[in-house]
Amino acid sequence: MNITKRIERLCSAKNITIAELERKLDFGNGTIRRWEKSFPSIDKLAKVADYFNVGITYLYSGKEEKGGDIAARKFSELSLEEREAVENLIDFYIERKKKTGV
């Protein structure tokens, strides 16, 4: 299955057409269909991935992302204050792990 087919499936799951997706993402008409014969730019592919909350890796290969990729994408959606809170929590658990040896 190619990128376009994966996008068609994702569109179908959201009950939208590829044309509607292109309008929502400010792509030119037929942009995604052209990807059947050429590779998309990374910025356009990233917009599609973000819209469907999937990774670029999934769009290219059909394989799900690894946990770290998913966590990094979700982390980037947080505000600066929220990111700092998560980082502090991670630091807390790392230090606790060092002290307990677990």
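So, how was this worked out
- Residues numbered from 1 in each chain as written.
- Predicted model: local features only at pLDDT ≥ 70, side-chain atom pairs only at ≥ 80, totals over all residues.
- Heavy atoms only, no water.
- Helix = DSSP H or I, 4+ residues; strand = E, 2+ residues; numbered from the N terminus.
- Polar contact = N/O pair within 3.5 Å; in protein donor to acceptor, adjacent residues only side chain to side chain.
- Contact = heavy atoms within 4.5 Å.
- Core = buried A, V, L, I, M, F, W, Y, C linked by side-chain atoms within 4.5 Å.
- Buried < 20%, exposed > 50% of the residue type's maximum accessible area, 1.4 Å probe, protein only.
- Salt bridge = Lys/Arg side-chain N within 4 Å of Asp/Glu carboxyl O.
- Expected span 1.5 Å × (residues − 1).

Visitor: Looking at this model, I keep getting lost on the side chain of Arg 6. Mind explaining?
Guide: Its location among the elements puts Arg 6 in helix α1 (residues 3-13). Engagement of the side chain of Arg 6 in a polar contact is seen with the backbone oxygen of Tyr 60, the distance being 3.4 Å. Aside from chain neighbours lying at most four places away, what touches Arg 6 is Met 1, Tyr 58, Leu 59, Tyr 60, Ser 61 and Gly 62.

Visitor: Got a minute to help me understand the nonpolar core in this structure?
Guide: One recurring pattern in soluble globular proteins: nonpolar side chains tend to sit buried together. Within the largest apolar cluster, 18 residues are counted, with the highest numbers of intra-cluster contacts made by Ile 7, Leu 21, Trp 35, Val 48, Phe 52 and Leu 59. Ignoring anything within four residues of it in the chain, the contact list for Trp 35 reads Ile 3, Thr 4, Ile 7, Phe 27, Pro 40, Lys 44, Leu 45 and Val 48.

Visitor: Explain the pattern of salt bridges here, please?
Guide: Any two side chains of opposite charge can pair, on the condition that their charged atoms come close. By the definition in use, this model includes 4 salt bridges. A salt bridge links Arg 33 to Glu 36; its shortest N-O distance comes to 3.8 Å. Residue Arg 33 is classed as partly exposed on the basis of its relative accessible area of 40%. Among the residues examined, Glu 36 registers a relative accessible area of 42% and is labelled partly exposed. One salt bridge connects Glu 95 with Lys 98, and the closest N-O pair in it is separated by 3.5 Å. In this pair, Glu 95 and Lys 98 are both assigned in helix α7 (residues 80-100), 3 residues apart and thus about one turn of the helix distant.

Visitor: Which parts of the structure should I look at to understand α7?
Guide: One turn of an α-helix holds 3.6 residues; hence residues three or four places apart share an orientation. The first and last C-alpha atoms of α7 sit 30 Å apart over 21 residues, in line with the 30 Å expected at 1.5 Å per residue. At the exit of α7 stands Gly 101, carrying a positive phi of roughly 75 degrees.

Visitor: Teacher, can you tell me more about the side chain of Thr 4 here?
Guide: Turning to its location among the elements, Thr 4 is positioned in helix α1. Sequence-distant contacts of Thr 4, defined by excluding residues within four places in its chain, comprise Ile 18, Ile 32, Arg 33, Trp 35 and Glu 36.

Visitor: It is not clear to me how unusual backbone geometry should be interpreted in this structure. Could you clarify?
Guide: Leaving glycine aside, a negative phi is the common case for residues, and trans is the common case for peptide bonds. A positive phi is found at Asn 15, a non-glycine position, where the angle reads about 60 degrees. Note that Asn 15 resides in the loop between α1 and α2 (18-24). Not every positive phi belongs to a glycine, and Asn 53 is a case in point at roughly 60 degrees. Along the chain, Asn 53 turns up in the loop between α4 (42-52) and α5 (56-61).

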